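What follows is each chain in one-letter form.
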Amino acid sequence: MIAAGIDIGSTGTKAVLFDGEIRATAVVPTGWDPAGAGLAAFRQALDAAGIAEEAVGRVVGTGYGRVSLPLFDKKVTEITCHARGAHFLHPETRTVLDIGGQDSKVISVDAGGKVVEFAMNDKCAAGTGRFLQVMAGVLGLSLEELGLIAAGAEPARISSMCAVFAESEIIGLLAQGVDKGRIAAGVFHAIATRVQGLAGKVSVSGDITFSGGVALNPAICRAIGSGLAVEIRVPAAPQLVGALGAALVGYEA
Amino acid sequence: MSEPCTPTLLKINALRERNAIALKVAKDHGRKVVGTYCLFSPVELIVAAGAIPVSLCGTSPTPIPAAEKVLPRSLCPLIKSSYGFALTDTCPFFHFSDLLLAETTCDGKKKMYELLGKMKPLHLMQLPQVQDEAALEYWILELKRLISRLEQEFSVQITPERLASAVMLLNEERRSLKALQDVMKRKPAPITGIDLLTVLHNRGFTVDKREAIELVNRLTAELTELAERGVSPFDNTTPRILLTGVPVGVGSDKVVRLVEELGGSVVCFESCGAYKKVDPVVPGADLLRSIAEKYLRIPCSCMSPNHGRLSLLERLVDEFQVDGVIDLTWQGCHTYNVESLSVKHHLQQGAGTPFLQIETDYSESDTEQLRVRIEAFLEMIGARLGG
């Protein structure tokens, strides 16, 4: 059976087709139309695999937009999906760190990939992809550039976790003539601190897998790894882990 | 979710409006009314003074903006709501109260009461925050001070006989409330947690305690009968949730609604208006001491240490066949927020019951975030139950 997992996130919408192995994937921006993005990602993945929509046995939706698509046979939260996806990619995973566009989570999983415990950020952008985006914007950089100039720099101290206050803090640092690279490193350091705080709420143990779109940025991986004093594993396509988990839920149902 | 409904359930749901009118009638006949905010209020003394004890409003978000003109925004929503109701004169029970009875439970409340005392006569009881012998002696003195105030205020005498009959009446009330909540031990529970909460909330505003006891007993009988016939909005696989933490009521029930909307069943409330309330006064040689003992035992997070809450929780998780515990904490409620970690560790070291802390307020702004947490929690429990 072919199962599809569609993860409609706040920034990106991801689709994975699975039939015992990953057949095709797709990533599209969510934009203002989560339902449209879900369909577009699904069709893009079908095209890539050369599979007709009718051939798909089950479609499982996840992510914040999971409620908006009639196509779904089942909806599962991104917490369960990231746990399943991370477990499939690396069965020794006992902790999943997921930083998406609008929230971050630390999930504790057992040997079977089941969720044991989890913690999520509060209802603000602190420690999320959105925070990174806003800060990159203040510095006039893309996310890639933000990561590049941060490499090797001594992090400037950014104490505000709130995206709004951190923005004014960065403007203040720029006015003082602080090097952009140090500010960029400070931004990654601030997120790492936030994630460490979140990780403190669950029992972090075993191998840590870092999923979600933010994990594509090597600078944040370095900052979090050194903050938690452990090595974190980043899958080849971390942004697809949730959609993969959803496809697995459909495949195994 | 099909909603089983019983005649008494409908009647109790309509109680709140009727009670406000009944209260006015009683006032017109010269009865005195004492408004209370908290489970620590020794209601026996009010009843023995011939006055009517009523719970005051504090579970609706509506008056919060008015309260925030005076109180800090970061204060807990329960305190802001209570104060806002008083300020806007929109709680009929506050309106009709001749005296307010308050206790020094948490910092936010006791300072709010200082402001409230400027609006209406208010008697503040100094509640000790430890549950030992010395505290009990002090608390007995506070009960005596309340007796003097009530006797003076209402020109009555609280005789030992009147006190004894008040204890009997309130023990009867607690027994009936315990029996009602114990119906939820049935698997599946015969009604939703929201329905149970509405009943517990509404009966707090009743004027005639005997009538309320009657109603609750009748409802218990009806629900027992439903359970016997296997009628329930749930089935045997529905995750059974215990809600612990801060006080909840109609208007501050969004978490309860979300849990049940997402496929859970709230079977037990380890909270002030619910299971924390059912512990009786055990009459001894000195009745006032017995009353003081009962109230000082209440396992509120303002007590330090508060081992009583942990052992009560452990017992309820077992008795109600609970699959998961949700600890609800209001933003700005430091005592429950900090205590959450102890609750989590206690449960983890015990039966390993899944645990989720939720920190929120009365507003709807975080509903979507809460939905993800609660849904994931229920999925996690479902995966556990499914093997």
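Computed from a predicted model, the values in this text were never measured in an experiment.

K.L.:
So what about the overall build of chain A? Which residues, and what values?
P.N.:
Looking only at helices and strands, one finds 8 helices and 10 strands in chain A. Radius of gyration (C-alpha) of chain A: 18 Å, near the 18 Å computed for a compact globule of 253 residues. Taking the principal axes of the C-alpha coordinates as reference, chain A spans close to 60 × 35 × 30 Å. The burial tally for chain A puts 53% of its 253 residues in the buried class. Look at the contacts in chain A between residues 6 or more apart in sequence, and 63% of them connect residues 24 or more apart. Summing over all exposed atoms, chain A offers an accessible surface of approximately 10300 Å²; the carbon and sulfur share of this is 54%. Across chain A, the centroid of the 20 positively charged side chains sits 5 Å from that of the 24 negatively charged ones.

K.L.:
Tell me about the interface of chain B and chain A, and please be specific about residues and values.
P.N.:
Contacts between chain B and chain A engage 17 residues on the former and 18 residues on the latter. Both faces combined, the contact of chain B with chain A buries some 1400 Å², and carbon together with sulfur accounts for 52% of it. At the boundary of chain B with chain A, the tally comes to 2 salt bridges. Of the charged contacts in the structure, one is a salt bridge between Glu-375 of chain B and Arg-66 of chain A, with a shortest N-O distance of 2.6 Å. Our count for the chain B to chain A interface comes out at 8 residue pairs in polar contact (both at pLDDT 80 or more). Every element with two or more residues in the side of chain B that touches chain A is listed here: helix H15 (334-349) and helix H16 (367-385) of chain B. Tallying contributions element by element places H16 of chain B first for the side of chain B that touches chain A, with 9 residues. Residue classes in the side of chain B that touches chain A are distributed as 6 nonpolar, 5 polar and 6 charged.

K.L.:
Could you give an account of the state of the cysteines, naming the residues involved and the relevant values?
P.N.:
Residues and elements named next belong to chain B. Counted by the stated rule, this structure contains 1 disulfide over all chains. Each sulfur of the disulfide joining Cys-57 and Cys-91 lies 2.4 Å from the other. Where Cys-57 bonds to Cys-91 through sulfur, the torsion about that S-S bond is close to 75°, and the disulfide is right-handed. Taken together, the residues span a long stretch of sequence, with Cys-57 in the loop between strand E2 (52-55) and helix H4 (64-67) and Cys-91 in the loop between helix H5 (77-88) and helix H6 (92-96) at a distance of 34 residues. With no disulfide partner, Cys-38 has as its closest neighbouring cysteine sulfur the one in Cys-272, 6.2 Å distant. Considering cysteine sulfurs only, Cys-76 is the nearest to Cys-106, which forms no disulfide, with 6.3 Å between them.

Parameters and conventions
Residues numbered from 1 in each chain as written. Chains lettered and ligands numbered in written order. Predicted model: local features only at pLDDT ≥ 70, side-chain atom pairs only at ≥ 80, totals over all residues. Heavy atoms only, no water. Helix = DSSP H or I, 4+ residues; strand = E, 2+ residues; numbered from the N terminus. Rg over C-alpha atoms; globule rule 2.2 N^0.38 Å. Buried < 20%, exposed > 50% of the residue type's maximum accessible area, 1.4 Å probe, protein only. Contact = heavy atoms within 4.5 Å. Areas by Shrake-Rupley, 256 points an atom, 1.4 Å probe, with all protein chains shown as cover. Lys, Arg positive; Asp, Glu negative; His and termini not counted. Charge placed at Lys NZ, Arg CZ, Asp CG, Glu CD. Buried area = accessible area lost by both parts, 1.4 Å probe. Salt bridge = Lys/Arg side-chain N within 4 Å of Asp/Glu carboxyl O. Polar contact = N/O pair within 3.5 Å; in protein donor to acceptor, adjacent residues only side chain to side chain. Nonpolar A, V, L, I, M, F, W, Y, C, P; charged D, E, K, R; others polar. Disulfide = S-S within 2.5 Å.

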